[in-house]
Amino acid sequence: DIVMTQSPLSLPVTPGEPASISCRSSQSLLHGNGHNYLDWFLQRPGQSPQLLIYMGSNRASGVPDRFSGSGSGTDFTLKVSRVEAEDVGVYYCMQALQTPLTFGGGTKVEIK
Amino acid sequence: QVQLVQSGAEVKKPGASVKVSCKASGYIFINYFIYWVRQAPGQGLEWMGMINPNGGSTRFAQKFQGRVTVTRDTSASTVYMELSNLRYEDTAVYYCARDGAPPGAPIYGMDVWGQGTTVTVSS
């Protein structure tokens, strides 16, 4: 199974400031079609997870452009250009290259 | 709009089975894979398995093999997940979610999620 490792575990942020979360996979997530099969999700308190980024860098429908995904192979980053209060919650990366699909342990983002 | 609506909360005794439903609407049901993901209290997300509604083929995580069954009723646009021989550690919120890839494209992950179904295993 592909192991997904996120850092940091916890991220206190100041509204208006940028934030960054790292995700590393134990195997390359680069598919033969040239896409990286890495997704980012946000789970706000008490809610179902929400897709933010798919295939490494594609924003899902309705996701604000302050969210961006980058990286390739085994190292990926989610960046929030200017954090807003509604961005608090737990962020998960997930690999979709092969089954079993596997998630990172999560990064809890909270307002300072 | 695309929506997945799950059945209500369940309380079961150890050793029993639970069956959770996930009704899809707003899109062509057979065109998109459906996943099951669970989340134990205070824990992260765990992929359980998936079904291709077009034909009914399934894949499961090794740890659930033999204990989980996922089926679909295309006439009702509904997927069912049954977990048997329940243990205390199966207490969790169970989510169904749709894969976002169009027909013929490789799966890429969950673009629409159900509201979750809380399953509590208690004696």
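The rules behind these values
- Residues numbered from 1 in each chain as written.
- Chains lettered and ligands numbered in written order.
- Predicted model: local features only at pLDDT ≥ 70, side-chain atom pairs only at ≥ 80, totals over all residues.
- Heavy atoms only, no water.
- Buried < 20%, exposed > 50% of the residue type's maximum accessible area, 1.4 Å probe, protein only.
- Helix = DSSP H or I, 4+ residues; strand = E, 2+ residues; numbered from the N terminus.
- Pairing = 2+ DSSP bridges.
- Core = buried A, V, L, I, M, F, W, Y, C linked by side-chain atoms within 4.5 Å.
- Polar contact = N/O pair within 3.5 Å; in protein donor to acceptor, adjacent residues only side chain to side chain.
- Contact = heavy atoms within 4.5 Å.
- Axes fitted to C-alpha atoms, helices over the stretch in contact; angles between N-to-C directions.
- Buried area = accessible area lost by both parts, 1.4 Å probe.
- Nonpolar A, V, L, I, M, F, W, Y, C, P; charged D, E, K, R; others polar.
- Salt bridge = Lys/Arg side-chain N within 4 Å of Asp/Glu carboxyl O.
- Disulfide = S-S within 2.5 Å.

K.L.:
I'm lost on the pairing of strand S2 (residues 10-13) of chain A in this one. Help?
P.N.:
Along any regular strand, the residues point their side chains to alternate faces of the sheet. All names here are of chain A. Burial along S2 is one-sided: Leu11 and Val13 are buried, and none of Ser10 and Pro12, which face the opposite way, are. In the sheet, S2 pairs with strand S11 (residues 107-111) via four bridges, with the strands oriented parallel. Bridge pairing in S11 places valine 13 opposite isoleucine 111.

K.L.:
Help me understand the nonpolar core in this model?
P.N.:
Soluble globular proteins: nonpolar side chains tend toward being buried together. Formed by 72 residues in total, the largest nonpolar core has its most connected members in A:Trp40, B:Trp36 and B:Met110. In terms of residues, this core owes the most to one element, strand S9 (residues 92-99) of chain B, which gives five residues.

K.L.:
Where do I start with the side chain of B:Arg98 in this structure?
P.N.:
Residues and elements named next belong to chain B. Secondary-structure assignment places arginine 98 in strand S9. Of the polar contacts made by the side chain of arginine 98, one reaches the side chain of aspartate 111; its length is 2.7 Å. Here arginine 98 is in contact with Val2, Leu4, Tyr27, Tyr32, Phe33, Ile34, Tyr35, Gly109, Met110, Asp111 and Val112, once residues within four sequence places are set aside.

K.L.:
Looking at this structure, I do not really get the sheet that holds strand S8 (residues 78-83) of chain B. What am I missing?
P.N.:
Strands belonging to one sheet form pairs held by backbone hydrogen bonds; the direction of such a pair is parallel or antiparallel. Residue and element names in this part refer to chain B. Taken in spatial order, the four strands of this open sheet run S1-S3-S8-S7, and their pairing is antiparallel. Two strands bound the open sheet, and with one partner strand each, they are strand S1 (3-6) and strand S7 (68-73). When the angles between neighbouring strand axes are averaged without regard to direction, this sheet yields 20°. One ladder, built from six bridges, connects S7 with S8; its direction is antiparallel.

K.L.:
Can you help me understand the interface of chain B and chain A in this one?
P.N.:
The extent of an interface is frequently quoted as the accessible surface area lost upon association of the parts. Chain B puts 22 residues into the contact, and the matching count from chain A is 19 residues. Summed over both sides, the interface between chain B and chain A buries roughly 1,500 Å², with carbon and sulfur atoms accounting for 68% of that surface. Joining chain B to chain A, the criterion identifies five residue pairs in polar contact (both at pLDDT 80 or more). Going through the elements one at a time, strand S4 (34-39), strand S5 (46-51) and strand S10 (110-113) of chain B are the ones with two or more residues in the side of chain B that touches chain A. Here the residues of the side of chain B that touches chain A sort into 12 nonpolar, seven polar and three charged.

K.L.:
Before we go on, may I ask you to explain the pattern of salt bridges in this structure?
P.N.:
Opposite charge on two side chains lets them pair, provided their charged atoms get close. Residues and elements named next belong to chain B. Applying the stated rule across the entire model yields nine salt bridges over all chains. We note a salt bridge from aspartate 90 to arginine 67, for which the minimum N-O separation is 2.7 Å. In this pair, aspartate 90 is assigned in the loop between S8 and S9 and arginine 67 in the loop between strand S6 (58-60) and S7, connecting sequence segments 23 residues apart. When salt bridges with common partners are traced through the structure, they connect Arg38, Glu46, Lys63, Arg67 and Asp90 into a single cluster.

K.L.:
Explain the sheet that holds strand S3 (residues 19-25) of chain A here, please?
P.N.:
All names here are of chain A. As summarised here, the arrangement of the four strands in space is S1-S3-S8-S7, forming an open sheet in which the pairing is antiparallel. Two strands lie at the open edges of the sheet, namely strand S1 (4-7) and strand S7 (67-72), each paired on one side alone. Taken over all neighbouring pairs, the strand axes of this sheet differ in orientation by 20° on average, direction set aside.

K.L.:
Whenever I open this one, the state of the cysteines confuses me. Can you help?
P.N.:
Chemically, a disulfide is nothing more than a covalent bond linking the sulfur atoms of two cysteines. Per the stated rule, a full pass over the model turns up two disulfides over all chains. Through a disulfide, A:Cys23 is tied to A:Cys93; the S-S separation comes to 2.1 Å. Around the S-S axis, the bridge from A:Cys23 to A:Cys93 shows a dihedral of about 75° and counts as right-handed. Residue A:Cys23 is found in strand S3, and its partner A:Cys93 is found in strand S9 (residues 89-95); the two are separated by 70 residues along the sequence. Exposure class is identical for A:Cys23 and A:Cys93. Each is buried. The partner cysteine of B:Cys22 in its disulfide is B:Cys96, sulfur to sulfur 2.1 Å. Disulfide B:Cys22-B:Cys96: torsion about the S-S bond near 80°, hence right-handed. Remark: B:Cys96 occurs in strand S9 and B:Cys22 occurs in strand S3 (residues 18-25); sequence separation between them is 74 residues. Per residue, the accessibility class of B:Cys22 equals that of B:Cys96, and both read buried.

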